[in-house]
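Each chain is listed here by its residues.
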Amino acid sequence: MAEFLTPKTQQEFEKNFCALKPLMNSTQAYFESSRCLFCYDAPCTTACPAGIDVPLFIRQIYTGNLIGSAKTIYSKNYFGSTCGLVCPTEVLCEGACVLNKQQVRPIEIGRLQNYATQSAMNNGSNVFSKEAAKSKKIAVIGAGPAGIAAACELSLLGYSVEIFEALSVPTGLVLTGIAPYKITNTQAVAEFEYLQSSFGFKTHFNSKIETAEQLKKLETDFDAIFLGTGLSGTKKIGIPGENLRNYVGATEFIAKLKRDFKTTEIHKTAVVLGGGNTAMDAASECARMGMPDVILAYRRSKAEMGGYEFEYELVKLVGVDGIFNAAPVEILGKDIVEGVKFVKTQTVDGKVVPIENSEFTIACTLVINATGQQKQTEFYAKIQGLQTDKNGKVLADETTFQVGSSKYFVGGDAVNGGAEVVNAAADGKKAARGIHKFLTK
Ligand SMILES: Cc1cc2nc3c(=O)[nH]c(=O)nc-3n(C[C@H](O)[C@H](O)[C@H](O)COP(=O)(O)OP(=O)(O)OC[C@H]3O[C@@H](n4cnc5c(N)ncnc54)[C@H](O)[C@@H]3O)c2cc1C
Ligand code: SF4
């Protein structure tokens, strides 16, 4: 079981958070691509939410045509390099690879994808052919994967695009949320810069759109508006003690750590509440920051966890302990966290049922709530005609991503409630096609 010392320098941080999928060298890429069977009706392609022609881009790597390979990837997914690193390939393309059936290690599709796109980025090769300029202008709210993918596809079609981003940095949760052992901030920004310089769309940072007046102005100044606004902060569980110091939301904890790891307070015992991938990431990050006892507590059974099994294996490897069928009932402490009171549970007809008189407490000084993010409902209420479902997801046409019959389109976490980068990038591209249809009908 790994034990980590608290990193004091950038070098030590990089050692604790070392890359899960390091960049291949040319020999590794040649060897790995030679193992691909170039299957007809390739299941890896079917399993890719962006529909990348996997055998084709791998063959192009094998034959030394790296720019052609990058072109194949980017023609389907503008986040080709990022997704090569962060996609849960174990349950997507690599999980579907036929080699699994022969008890042979599947092709490392993610790393090959990253290798090919990195080559294009490093050479500054422009692999995109833009159409002639059109007079229409599109506004994109949010510079996350959905917004950037929409901006790329719209620029490709010849539209003039301006992105309005609340933060001072691009790529949304790729930069503020995804674990540093999957992608570094430098890698995330590098792909954005490559896309921006290839397409020439404008990005206004520190430009949050929040008032009805700002929305009205966009509606007047632009022919269509794409909402790539994602989700909001961590939602409260609704138990006593959530106001105590050192009780933090998972996305807020991770964003702070990713901004500057030196600001993370180190605690002897940390409890992470939740059973999804964000909970796994937060727990893994606590352990890698040198917290000795990290406990992941989930209110249902291990089999019912929302997080991927391979992610749970990963957190166990860094020394995190899991407790299951334990629901938090109170965060204990006076002004500051001193522990969590739990009740044991069982699942009956799909519902979590507390077991009477089974309360127990765990002493700790940090509690991270990773039970889910809020939706941007307040903001959406300012857009006329926009409707959300009972879970706060924006309702839009499934093919064009248009909101009702308005000039608004939407994609990514805002509409799917929180999925992966590849889904957000695929939505952004499809919504851009929807906007094109709307403007040319
Ligand atoms: C902790 C964590 C770990 C994750 N790990 C992975 C992973 O390993 N692999 C993976 O594929 N996916 C992962 N995901 C999911 C992935 O990051 C998201 O699905 C993806 O980023 C969604 O893209 P998006 O563009 O819809 O939203 P976001 O990435 O959230 O981007 C939205 C952007 O819009 C901006 N914005 C919002 N409102 C406004 C406004 N009113 N005005 C201006 N700007 C605004 C925000 O600042 C943000 O930059 C993870 C998510 C989390 C929370
Ligand atoms: S399924 Fe595996 S072997 Fe077949 S084309 Fe895809 S990566 Fe290659």
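## Concerning the packing of helix α13 (residues 250-259) against helix α14 (residues 277-288)
Orientation of α13 relative to α14, taken along the N-to-C sense of each, is 45 degrees, at an axis distance of 10 Å. When the axes of α13 and α14 are compared, the pair comes out oblique. In this structure, α13 meets α14 at a crossing whose hand is left-handed. Only T278, D281, A282, E285 and C286 of α14 make contact with α13, whose side of the interface consists of A250, F253, I254 and L257. Of the residues assigned to the contact of α13 with α14, the class counts are six nonpolar, one polar and two charged.

## Re the pairing of strand β2 (residues 160-164)
Across the five residues of β2, four count as buried, placing the element largely inside the fold. By the bridge criterion, five bridges tie strand β1 (residues 137-141) to β2 in an arrangement that is parallel. Bridge pairing in β2 places A139 opposite E162. For the crossover that starts at β1, traverses helix α9 (residues 145-156) and ends in the parallel β2, the hand is right-handed. Where β2 and strand β3 (residues 202-204) come together, three bridges link them in parallel fashion. Looking at the pairing, F164 lines up with H204 of β3.

## Some remarks on the side chain of D281
Within the secondary structure, D281 sits in helix α14. Although D281 lies buried, it forms no salt bridge, and the closest oppositely charged side chain, K182, sits 4.1 Å away as judged by the N-O distance. Dropping the residues within four chain positions of it, D281 is found in contact with A179, Y181, K182, I254 and E311.

## What about the sheet that holds β2?
In spatial order, the strands read β3-β2-β1-β4-β14; together these five strands make up an open sheet with parallel pairing. Of all strands in the sheet, those bounded by a partner on one side alone are β3 and β14 (408-410). Between one strand axis and the next, the sheet turns through 20 degrees on average, direction left out of account. Against the sheet, α9 engages β1, β2 and β4 (224-227), with an angle of about 165 degrees to β2.

## Description of the pairing of strand β11 (residues 351-354)
As defined by bridge partners, strand β10 (residues 337-348) adjoins β11 across four bridges and the pair is classed as antiparallel. Looking across to β11, one finds that V348 is bridged to K351.

## Comments concerning the packing of aromatic side chains
The final tally for this structure, using the stated rule, is 19 aromatic pairs. The interplanar angle of 65 degrees and the centroid separation of 6.2 Å between the aromatic rings of F192 and F205 together place this pair among those described as edge-to-face. You can see F192 sitting in helix α11 (residues 185-199) and its partner F205 sitting in the loop between β3 and α12 (212-221), a full 13 residues away along the chain. We classify F192 as buried; its relative accessible area is 4%. Three or more aromatic residues link up through ring pairs in this structure, and these residues are Y74, Y78, F128, Y194 and F199. Between R288 and the ring centre of Y181, over which it is positioned, the NZ or CZ distance is 4.0 Å.

## Description of the sheet that holds strand β7 (residues 293-297)
Across the sheet, five strands lie side by side as β5-β13-β6-β7-β8; this open sheet has parallel pairing. One side of each edge strand has no neighbouring strand; the edge strands of this open sheet are β5 (247-249) and β8 (321-323). Strand-to-strand twist in this sheet, taken as the mean axis angle between neighbours without regard to direction, amounts to 25 degrees. This element, α14, spans β6 (269-273), β7 and β13 (366-369) of the sheet and lies at about 170 degrees to β7.

## As for the site of ligand 2
Around ligand 2, a shell composed of C36, L37, C39, P43, C44, P55, C97, V98, I107 and I109 is seen. For the shell around ligand 2, the class distribution of residues is 10 nonpolar, no polar and no charged.

## With respect to the pattern of salt bridges
Across all of its chains, the model carries 13 salt bridges by this definition. Close ionic contact of R35 with E32 constitutes a salt bridge, the shortest N to O distance being 2.9 Å. In terms of burial, R35 and E32 fall into one category: buried. The salt bridge involving R300 is made with E304; its shortest N-O contact spans 3.1 Å. A residue is classified by how much of its surface remains accessible, and E304, at 28% relative accessible area, is partly exposed. Each member of the salt-bridge network shares a partner with another, and the members are E32, R35, R105, E108 and R111.

## Some details on the site of ligand 1
Near ligand 1 lie 34 residues; those nearest to it are V86, E165, K182, I209 and D413. Note that an oxygen atom of ligand 1 is positioned 3.2 Å from one of the backbone N or O atoms of P145. For ligand 1, an oxygen atom lies 3.3 Å from a polar atom in the backbone of G228. When isolated, ligand 1 has an accessible area of 1,000 Å², and the protein chains bury 93% of it. Elements supplying a minimum of two residues to the shell around ligand 1: α9, α13, α14 and α18 (421-440). Taken together, the residues of the shell around ligand 1 break down into 15 nonpolar, 13 polar and six charged. Taken domain by domain, the shell around ligand 1 gets at least three of its residues from each of domain 2 (137-232 + 375-440) and domain 3 (247-369).

What counts, and at which threshold
Residues numbered from 1 in each chain as written. Chains lettered and ligands numbered in written order. Predicted model: local features only at pLDDT ≥ 70, side-chain atom pairs only at ≥ 80, totals over all residues. Heavy atoms only, no water. Axes fitted to C-alpha atoms, helices over the stretch in contact; angles between N-to-C directions. Helix = DSSP H or I, 4+ residues; strand = E, 2+ residues; numbered from the N terminus. Parallel < 35°, antiparallel > 145°, perpendicular 65-115°, else oblique. Left-handed = near helix turned anticlockwise from the far one by under 90°. Contact = heavy atoms within 4.5 Å. Nonpolar A, V, L, I, M, F, W, Y, C, P; charged D, E, K, R; others polar. Buried < 20%, exposed > 50% of the residue type's maximum accessible area, 1.4 Å probe, protein only. Pairing = 2+ DSSP bridges. Right-handed = clockwise from strand over helix to strand, strands pointing away. Lys, Arg positive; Asp, Glu negative; His and termini not counted. Salt bridge = Lys/Arg side-chain N within 4 Å of Asp/Glu carboxyl O. Phe/Tyr/Trp six-rings, centres within 6.5 Å; stacked < 30°, edge-to-face > 60°. Lys NZ or Arg CZ within 6 Å of the ring centre and 35° of its normal. Near = heavy atom within 4 Å. Polar contact = N/O pair within 3.5 Å; in protein donor to acceptor, adjacent residues only side chain to side chain. Areas by Shrake-Rupley, 256 points an atom, 1.4 Å probe, with all protein chains shown as cover. Domains from an automatic or database assignment.

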